[in-house]
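Understanding the architecture of this molecule
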Amino acid sequence: MNSNIPIRLGEPIQEHGMLFVRTDGILETMVKAPLILASLIIVTVAMPIQTSFSSIRILDLTIYSDGTTHVSAKIEVDPLEPNFELDLFGQSIDNFIAVDDSGYLLSQEIVKDKAIIDTFGLSNIIIDYDTYDLISKEGRTWTFTFDSPSDYTLLMPKNSVIVGMSGLPSNMKLVDEQTKLDLPAGLSEINYVFGTINPTPEIPNESSFNYINAIIIGGSITAIVTGVVLILKRKQSKSSQLILHADSISNNQIESKPIETETIFNLRPEMREDDKAIVKFISDKGGQVLESELRKKFLQPRTTMWRAVKRLERLGVIEIDKKDLQNLVKLKKDLEEEKWNK
């Protein structure tokens, strides 16, 4: 054997047809392999967590009598991401606004059924918009269909009666004569109509016919006697009723008088000058105007005026109602109480 043959590190040594492999580093490789595998598993698990960081914390829906649905949601977002892409509930979107926790308006862009919102550094955003794609109508029956990603509340329109539901709500209550439902995540379908539903009258059989006739005749006699007594009492108290009616009209006039604008400005010193102009115009109009009147007065596009109105609503200065398929903007009456409390 020639001892002068050079041997290169890392190459196998072959002698007389036999292969010799160096074992240097095998132990180190065996130690590192589990660590590398664990790192890959952590990265694989962390990737979906990062992409699904955002979540809906609060979701409230309000159905209006014209078939519009107002969506209000508070969403948790990743503060390290420069923007957030939000899936909207439908493609017919109107009056969209996005703000942070302090009410500051955020830049946003609507592309079909998605909204791209600038959210860098924010952990929560609040969005509001109207959609026309959750309600359909056939005859007298309106149908609300919604596949929700989370639990939510639903406020039914005034004077509506639910006639069918795909599932049971977790809670149901009345709020200002409107039905409010707590519904779980998933697909829900609710059928409703406006007005009251009269039950189908039952036709009495022959055995109960005489008994019912007696009740009707007795009820008619009682109604006649009661009517005569009421007429006599009404004549006697006519003068006192007129006095009470006059007092009631006077009180209503006092209550309907809007609060002075200077008082509102003192209660809300953080109001902007353009907001003060809107409040003064509403006050001059008796305390309530249609949103279309505001756009005509201040020559503002619909989205810009809607943002200003929502800003005043968040400040607790005005409230928004629906009237004849339009937004009615009214100065809040409880500002008077707040003035006296201060």
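In what follows, the structure referred to is the one given above.
Note that the coordinates shown come from a computational prediction; the quantities given were computed from them, not determined experimentally.

1. Here's the deal with the pairing of strand β16 (residues 186-194)
- As paired elements, strand β11 (residues 141-148) and β16 share seven bridges and run antiparallel to each other. Following the sheet pairing, serine 148 is matched in β16 by glycine 186.
- Bridge count for strand β13 (residues 160-165) against β16 is five bridges, and the pairing is antiparallel. Among the inter-strand pairings, valine 161 is bridged to a residue of β16, identified as valine 193.

2. A few points about helix α7 (residues 302-314)
- With 13 residues, α7 should reach 18 Å at 1.5 Å per residue; the first-to-last C-alpha distance of 18 Å fits that figure.
- Within the span of α7, buried status applies to Met305, Trp306, Ala308, Val309, Lys310, Arg311 and Leu312.
- Once α7 ends, the next one or two residues include glycine 316, with phi positive near 80°.

3. A few points about the side chain of aspartate 100
- For aspartate 100, the position within the fold is in the loop between β6 (93-99) and β7 (108-111).
- Despite its burial, aspartate 100 pairs with no opposite charge, the nearest such side chain being arginine 314 at 7.8 Å.
- Among the polar contacts listed, one links the side chain of aspartate 100 to the backbone nitrogen of tyrosine 104, at a separation of 2.8 Å.
- Residues within four places of aspartate 100 in sequence aside, it is in contact with Leu106, Leu122, Asn124 and Ile126.

4. A look at the sheet that holds β6
- In space, the seven strands of this open sheet follow the order β6-β9-β4-β3-β12-β15-β14, with mixed pairing throughout. Here the strands that pair on one side only, and so sit at the sheet edges, are β6 and β14 (171-175). Between one strand axis and the next, the sheet turns through 15° on average, direction left out of account.
- For strand β12 (residues 152-155) and strand β15 (residues 178-183), the ladder comprises four bridges, and the chain directions are antiparallel. What sits directly across from leucine 154, in β15, is leucine 181.

5. So, the packing of helix α6 (residues 291-298) against α7
- Closest axis-to-axis distance for the α6/α7 pair is 10 Å, and the angle between their directions is 115°. With respect to α7, the element α6 is oriented roughly perpendicular. Crossing angle aside, the handedness with which α6 passes α7 is right-handed. Facing α6, whose interface residues are Glu291, Leu294, Arg295 and Phe298, α7 presents Arg302, Met305, Trp306 and Val309.
- Each residue belonging to the contact of α6 with α7 can be placed in one class, and the counts come to five nonpolar, no polar and three charged.

6. Here we look at the sheet that holds strand β5 (residues 83-87)
- Ordered in space as β5-β8-β7, the three strands form an open sheet in which the pairing is antiparallel. Pairing within the sheet leaves two strands with one partner each, and these edge strands are β5 and β7. Strand-to-strand twist across the sheet, computed as the mean angle between neighbouring axes with direction ignored, equals 20°.

So, how was this worked out
Residues numbered from 1 in each chain as written. Predicted model: local features only at pLDDT ≥ 70, side-chain atom pairs only at ≥ 80, totals over all residues. Heavy atoms only, no water. Pairing = 2+ DSSP bridges. Helix = DSSP H or I, 4+ residues; strand = E, 2+ residues; numbered from the N terminus. Expected span 1.5 Å × (residues − 1). Buried < 20%, exposed > 50% of the residue type's maximum accessible area, 1.4 Å probe, protein only. Lys, Arg positive; Asp, Glu negative; His and termini not counted. Salt bridge = Lys/Arg side-chain N within 4 Å of Asp/Glu carboxyl O. Polar contact = N/O pair within 3.5 Å; in protein donor to acceptor, adjacent residues only side chain to side chain. Contact = heavy atoms within 4.5 Å. Axes fitted to C-alpha atoms, helices over the stretch in contact; angles between N-to-C directions. Parallel < 35°, antiparallel > 145°, perpendicular 65-115°, else oblique. Left-handed = near helix turned anticlockwise from the far one by under 90°. Nonpolar A, V, L, I, M, F, W, Y, C, P; charged D, E, K, R; others polar.

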